[in-house]
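Examining the three-dimensional arrangement
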Amino acid sequence: MHKHNNYVENLVSQIRDDYDHISTHLKISNSRRMVAEIDILARKGKSIDIYEVKCSYRITKAKKQLYKIRKILNKDRVSCYFYCGIGDRLIKV
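The present account deals with the structure reproduced in this document. (Residues numbered from 1 in each chain as written. Predicted model: local features only at pLDDT ≥ 70, side-chain atom pairs only at ≥ 80, totals over all residues. Heavy atoms only, no water.)

Some points on the state of the cysteines
- The final tally for this structure, using the stated rule, is zero disulfides.
- Left without a disulfide partner, cysteine 55 is nearest to the cysteine sulfur of cysteine 84, which lies 8.6 Å away.
- With relative accessibility at 24%, the residue cysteine 55 sits in the partly exposed group.
- Cysteine cysteine 80 is unpaired, with the sulfur of cysteine 84 as its nearest cysteine sulfur at 17 Å.
- Residue class for cysteine 80 comes out buried when judged on its relative accessible area of 5%. (Disulfide = S-S within 2.5 Å. Buried < 20%, exposed > 50% of the residue type's maximum accessible area, 1.4 Å probe, protein only.)

Following this line, the structure appears as structure tokens:
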């Protein structure tokens, strides 16, 4: 988990100037359990960008998680990104 948090902080430092507000490690719960966790949620005006951070290149798992989060948020102006920490790669999903 420690390595993952380092990659999250690294990405936040790269994108910080592009947004009005950035939140990390947001947990989404219903009344019974935690449903999802957003690694990075960044806002600029009315636009929302969500970043899923993985230590290694696991884009299939990231896409599944991002789809789930986007469905929960039910927002039209949500863009999703996958960040691979070990390769320092950012991919729009």
